Amino acid sequence: MKTASILAVLSLGILSLPSVRAEWQQWRGPERDGTVAGKKWPANFAGLKEKWRLPLGASYSGPVTDGKHVFTTESVDKRLEKAHAVDVETGKIVWSAEWEGHQGVPFFAKRNGDWIRSTPTLADGSLLVAGMQDVLVSLDAKTGKQQWRLDFKTEFKSEGEAFGFVCSPLVDGEFVYAHAGAGLCKIERKSGKVVWRTMDEGGGMMGGTFSSPVLATVAGKRQLLVQGRDMLCGVDPADGKELWAQKIKTFRGMNVFTPVVQGNRIFTSAYGGLSQAWDIAKEGEAFKVALAWEHKAEGYMSTPVIVGGKVFMHLRNQKVTCLDLATGTQHWQSDDKLGEYWSLIAQGDRILALDHKGTLYLLKATPEKLEIIDQKKVCEEETWAHVAVDGGRVFVRDLKGLVALDWASGEAVVTEVPAGGEGR
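Worth saying up front: this structure is predicted, and the values here are computed from it rather than measured. (Residues numbered from 1 in each chain as written. Predicted model: local features only at pLDDT ≥ 70, side-chain atom pairs only at ≥ 80, totals over all residues. Heavy atoms only, no water.)

Visitor: Can you break down the overall build of the protein residue by residue, with the values?
Guide: What the protein contains, in helices and strands, is two helices and 32 strands. By residue count, 56% of the 424 residues in the protein fall in the buried class. Expressed as a percentage of contacts within the protein between residues at least 6 apart in sequence, the contacts between residues at least 24 apart total 52%. As presented, the protein carries roughly 17,800 Å² of accessible surface, and 49% of it is formed by carbon and sulfur atoms. (Helix = DSSP H or I, 4+ residues; strand = E, 2+ residues; numbered from the N terminus. Buried < 20%, exposed > 50% of the residue type's maximum accessible area, 1.4 Å probe, protein only. Contact = heavy atoms within 4.5 Å. Areas by Shrake-Rupley, 256 points an atom, 1.4 Å probe, with all protein chains shown as cover.)

Visitor: Please provide a residue-by-residue account of the sheet that holds strand β8 (residues 135-140), values included.
Guide: Pairing is antiparallel in the open sheet, where four strands are placed in the order β6-β7-β8-β9. Each edge of the sheet is formed by a strand with only one pairing partner; in this case those strands are β6 (121-123) and β9 (146-151). Taking the axes of each pair of neighbouring strands and ignoring which way they run, one obtains an average angle of 20° across the sheet. Here β8 pairs with β9 via five bridges, running antiparallel. (Pairing = 2+ DSSP bridges. Axes fitted to C-alpha atoms, helices over the stretch in contact; angles between N-to-C directions.)

Visitor: I'd like to hear about the pattern of salt bridges, residue by residue, with values.
Guide: Taken as a whole and judged by the stated rule, the model has 18 salt bridges. As a salt-bridge pair, R189 and D124 come within 3.4 Å of each other at their nearest N and O atoms. On the criterion of sequence distance, the pair formed by R189 in the loop between β12 (183-188) and β13 (194-198) and D124 in the loop between β6 and β7 (126-131) is long-range, its members being 65 residues apart. On the accessibility criterion, R189 (5% relative accessible area) is buried. R393 is the partner of D390 in a salt bridge, and the nearest nitrogen-oxygen pair spans 4.0 Å. Of the two residues examined, D390 and R393, each falls in the buried class. (Salt bridge = Lys/Arg side-chain N within 4 Å of Asp/Glu carboxyl O.)

Visitor: Quick one: what's the story with the confidence of the model for the protein, residue by residue and with numbers?
Guide: For the protein, mean pLDDT is 87; residues scoring 70 or higher make up 88% of the total. Of the regions scoring below 50 in pLDDT, residues 1-21 engages in eight contacts with residues more than four places distant in sequence or in other chains. Contacts of residues 410-424 to residues separated by more than four positions or lying in other chains number 32 contacts, the stretch itself having pLDDT below 50. (pLDDT = per-residue confidence, 0-100.)

Visitor: How would you explain unusual backbone geometry if you had to name every residue and give the values?
Guide: Among all residues except glycine, the phi angle is most often negative; among peptide bonds, the trans geometry is most common. We note that D77 has phi near 55°; this positive angle belongs to a residue other than glycine. By relative accessible area, which is 66% here, D77 ends up exposed. Even without being a glycine, A219 presents a positive backbone phi close to 55°. Looking at the secondary structure, you find A219 in the loop between β14 (214-218) and β15 (221-227).

Visitor: Give me the pairing of strand β11 (residues 175-180): which residues, what numbers.
Guide: Along β11, five of the six residues are buried, which leaves the element largely enclosed by surrounding structure. The pairing of strand β10 (residues 170-172) with β11 spans three bridges and is classified as antiparallel. Paired with D172 across the bridge in β11 is F175. Where β11 meets β12, six bridges bridge the pair, whose relative direction is antiparallel.

Visitor: Any details on the sheet that holds strand β32 (residues 401-406)? Residues and values, ideally.
Guide: Overall, antiparallel pairing links the four strands, which are arranged β1-β32-β31-β30 in an open sheet. Because the sheet does not close on itself, it has two edges, and the strands there are β1 (49-55) and β30 (388-390). Each strand axis lies, on average, 20° off the axis of its neighbour in the sheet, ignoring direction. By the bridge criterion, three bridges tie β30 to strand β31 (residues 393-398) in an arrangement that is antiparallel. What sits directly across from A388, in β31, is F395.

Visitor: Explain the environment of A85 to me, and be specific about the residues and the numbers.
Guide: The topology assignment puts A85 in strand β4 (residues 80-87). Since its relative accessible area comes to 0%, A85 is described here as buried.

Visitor: Describe the packing of aromatic side chains, and please don't skip the residues or the numbers.
Guide: Each aromatic ring pair is characterised by the separation of its centres together with the angle its planes make. A full pass over the atoms with the stated rule returns 13 aromatic pairs. Centroid distance Y177 to W196: 6.0 Å. Interplanar angle 45°. Geometry classified as tilted. Of this pair, Y177 sits in strand β11 while W196 sits in strand β13, and the two are 19 residues apart along the sequence. We classify Y177 as buried; its relative accessible area is 2%. Classification of W196 by relative accessible area gives buried; the value is 9%. Between Y341 and W384, the ring centres sit 5.8 Å apart and the planes meet at 25°, which makes this aromatic pair stacked. Here Y341 is found in the loop between β25 (330-333) and β26 (342-347), whereas its partner W384 is found in the loop between β29 (371-377) and β30, with 43 residues between them in sequence. An aromatic cluster is defined as three or more aromatic residues linked by ring pairs; in this entry it consists of Y60, W115, Y341 and W384. When the ring centre of F175 is taken as reference, the NZ or CZ atom of K186 above it lies at 4.1 Å. R316 extends its terminal NZ or CZ atom over the ring of Y271, reaching a point 4.0 Å from the ring centre. (Phe/Tyr/Trp six-rings, centres within 6.5 Å; stacked < 30°, edge-to-face > 60°. Lys NZ or Arg CZ within 6 Å of the ring centre and 35° of its normal.)

Now the structure itself:
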């Protein structure tokens, strides 16, 4: 082949590569759906090594990163909440910010702690951190300097939520969306000014929402998909108007699940409820919600990932299952219990899962059976925060610190999912 032809082929290959955003900047990753692109993961955990560990106070906040720093939170002395920027190479704290913000949770939830819960969000040089006492703080991601602070209880004269500010903020352009102030709020990202509030659910023991919103185009309309204590809704991000709503069965409103969407189908599950797939359609100016299928499999706190049209989900009974998104068929359920909580990330036909005991699993995403390729204990403390991946790095936040793991990167760029799925 002539040199010119070779260069042409190489140029075509380079131009055809996707623009990959590797940084893990928010809850559930770049697209907020638990999937990542980038270099293909290694075949196993043989090269997975701990690089550093930073001791910290307790937190449920998942780590986020811009590639140079990893950001995390902690609760200290039942008085303070802190945010930290940590150098990804050395594990040294670059800056810290703090505010008074401790809040206890109801007695029956004490086993799972009183510490900060929400995963921060990075956006255009700012770090948005939700504190337990219904506050949202915007910090300069380079310096930690406070840019603004929004106290929802003061803003709306609302009662605080008994379990604290749990939702992880969603950023879309110049706006932030979050369940706070006893409702769903739209906030100006640069000023902290509230634009609108909707879905008033009240505060206290039975108020507030645990789920985090997502944005998607469904039935031809870009909308916020939000799950309240007992309602699944589509909300217009422009004005906060409810486009459609569907009641979801739960036990005492313990609806922690973040809805998962593919096309016009939304999958959800709830504590004390069922697994359900809902189809959203537009009829004239109105939206119609129809139940596609339901299954007795009961989700809990873990939001699933969808790979190749299959839903891979951790259940309240501590087992793991695979459901067909199209039909609701259960392909398999694990025989053994595999921990009280899993955080899940998918890449191609592989799933990375972290259980609450600090064991990291590498799974093959197949409907044939539960196939565990490898597993490794990565920390001794409980891990209720979502695992984060950035290129060849894996970040784990356990209850006593932040752990950085090096995982040798592959060479191929992953751009597709297995047959039967829908690419993004």
